[in-house]
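Listed here are the chains, written in short residue letters.
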Amino acid sequence: MFKIDVRLVPMLCILYLLAFLDRVNIANAALFSMKTDLKITDGNKYNIALTIFFVPYILAEIPSNIMLKKLKPHVWLPICMFFFGLVTCMQGLVQNYSGLLATRFFLGLTEAGMFPGCFYLIAMWYVRSEAQKRYSFFFASTSLAGGFGGLLASAIGLLDGHRGYHGWRWIFIIEGAVTAAVGILFYFLIADFPEEVKFLTPNERQFIKTKLAIDSGDSQAHRETHLKDILNCFKDYKLYLAGFMYFGLIIPAYGYAYFAPSIINQFGYGLIQTQLHTVPPWAAAYGASMISAYFSDKFRHRYFFTIFLSSCALVGLIMLISIHDNIKAQYAACHLTAMGLYASMPIVVCWATTNFSGHLRRGVGSAWQVGFGNIGGIIATFSFLSKDAPKYIKGYSLGIAFTCVSMLACTAYLFGVYVENKKKRTTSVIEAWDKLSDDEKAFAGDKSPEFFYTY
């Protein structure tokens, strides 16, 4: 698998690192006079600018995964990457609030396919017992982006006044230009689906195809997709539980990503020190993600790890809402919150995505889970308002409540797949399966009694 890992995972990690960096670098830019220059210091204008990103981002995710399959990953993903890099550059050139809103809207539109598309592609390459390490390594790029964002912002911010541009503009221009350039390069580097790649020999492709078929059934890669087939996916209750599992974590996760600099700034640090102090919690999140992924794959289990990590986040949020006079304890709580949220999210997505089988159900399932979950991003952008500083009681309360929602959804999902696995062993289900045609069996995916869901 090393040959596949080298060609697939690092490229997707870099892609999503840059995507996430371009999405949340507005939090770092906000500390460098962006609000004053664009006259958005009053009311909720800044929060609205964060929110508008999610409207096209949510609506375009399922269509984007369909385009990914039609155009191939090495074409669709770099196209999206180039354009969201370009839009990020334009964000550094806006002169007013309307310009900021327009660029945030198009940033959401061009970034929509990145996260579900990458998860979809990874799921089509690895069996379930191999997937979590790759998912977490990929998702941990968000932690790296959060950490690098603080370091880069502290360095780029020193360009304040260079060529007549304030530091916040250089943050967008430089980071966006790098993303667009890498997008062009990645047209030649990103791998396609296993059935289509050329870096494997015919025997290696057949080995991967057989291995995946044994684990998850026939991928039905070349079967034509119809609207009816897509709508049939939405008859599965597990799709909705998967959405709530992710939705509950997104609200505190985006709340932290967008407002960590503002939260940490309340501890009394200067601008540069604030940016630097945002880095260690992200580094801790990266470490927790890698460790939990290793053991999750080792034991072939997901539920315990999601609950344990979500509980860590819960403890961190409770500390933040209740402690306001101990900077060391508050900073430690930031570590717990980042670790718990950003280590549990890839497990939640991996668990649900790999429990769907076949190109169609995995493509729709991953896009729906991420798309529905990102509705929480809209709530998150209004969870930490300037008027609530420095205690941010509402923001932390929402984080606590929705983390509990995610834990309850995970528990319901565990119960659901346990019951379904039990039903698949019954005589009536096996007899009904035997009566199906070969084509119906091939298209059944995870509904097959030969496919058992992961716990």
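The structure under discussion appears in the preceding block.
In short, a report on the structure. (Residues numbered from 1 in each chain as written. Predicted model: local features only at pLDDT ≥ 70, side-chain atom pairs only at ≥ 80, totals over all residues. Heavy atoms only, no water.)

## Here's the deal with the packing of helix 4 (residues 61–71) against helix 18 (residues 359–373)
- It is at 8 Å that the axes of helix 4 and helix 18 come closest, and there the two elements cross at 150°. Note on packing geometry: the crossing formed by helix 4 with helix 18 is right-handed. Contact residues: Glu-61, Ile-62, Asn-65 and Lys-69 in helix 4; His-359, Gly-363, Ser-366, Ala-367, Trp-368, Val-370 and Gly-371 in helix 18. (Axes fitted to C-alpha atoms, helices over the stretch in contact; angles between N-to-C directions. Helix = DSSP H or I, 4+ residues; strand = E, 2+ residues; numbered from the N terminus. Left-handed = near helix turned anticlockwise from the far one by under 90°. Contact = heavy atoms within 4.5 Å.)

## Focus: a nonpolar patch on the surface
- Taken together, the side chains of Leu-144, Phe-148, Leu-151, Leu-152, Leu-158, Leu-271, Ile-272 and Leu-276 present a nonpolar region at the surface, about 650 Å² in accessible area.
- Listed by contribution, the elements that provide at least two residues to the nonpolar patch are helix 9 (141–156) and helix 14 (271–277).
- No other element matches the four residues that helix 9 contributes to the nonpolar patch.
- Residue classification places Leu-271 among the partly exposed residues on the basis of a relative accessible area of 40%. (Patch = residues over 30% accessible without salt bridge, like charges linked within 9 Å, V, L, I, M, F, W, Y side chains within 5 Å. Areas by Shrake-Rupley, 256 points an atom, 1.4 Å probe, with all protein chains shown as cover. Salt bridge = Lys/Arg side-chain N within 4 Å of Asp/Glu carboxyl O. Buried < 20%, exposed > 50% of the residue type's maximum accessible area, 1.4 Å probe, protein only.)

## Structural notes on helix 9
- Within helix 9, the full set of buried residues consists of Ser-141, Thr-142, Ser-143, Ala-145, Gly-146, Gly-147, Gly-149, Gly-150, Ala-153, Ser-154 and Ile-156.
- Here the buried face of helix 9 lies against helix 1 (2–37), helix 8 (128–139), helix 10 (167–186), helix 14, helix 15 (279–299) and helix 17 (327–354).

## Quick look at the nonpolar core
- Met-34, Phe-115, Trp-125 and Tyr-342 are the most contacted members of the largest nonpolar core, which has 126 residues in total.
- Discounting chain neighbours no more than four positions away, the residues touching Phe-115 are Tyr-16, Tyr-57, Phe-138, Phe-139, Tyr-246, Val-349 and Val-370.
- Among the nonpolar cores identified, the runner-up in size contains nine residues, and Ile-62, Phe-247, Phe-356 and Trp-368 belong to it. (Core = buried A, V, L, I, M, F, W, Y, C linked by side-chain atoms within 4.5 Å.)

## Topic: unusual backbone geometry
- That bond from Ala-389 to Pro-390 is cis: its omega, 0°, falls within 30 degrees of zero.
- Residue placement: Pro-390 occurs in the loop between helix 19 (375–381) and helix 20 (393–424).
- Of note in this structure, Arg-163 is not a glycine but carries a positive phi near 55°.
- Inspection of the secondary structure puts Arg-163 in the loop between helix 9 and helix 10.
- Overall, Arg-163 belongs to the exposed group, its relative accessible area being 70%.
- Phi angles above zero are rare outside glycine, and Arg-300 is one such case at about 50°.

## With respect to helix 15
- For helix 15, with 21 residues, the first-to-last C-alpha span of 31 Å sits near the 30 Å given by 1.5 Å per residue.
- Residues Val-279, Pro-281, Trp-282, Ala-285, Ala-288, Ser-289, Ser-292, Ala-293, Ser-296 and Asp-297 constitute the buried set of helix 15.
- Count one or two residues on from helix 15 and you reach Arg-300, which has phi positive near 50°. (Expected span 1.5 Å × (residues − 1).)

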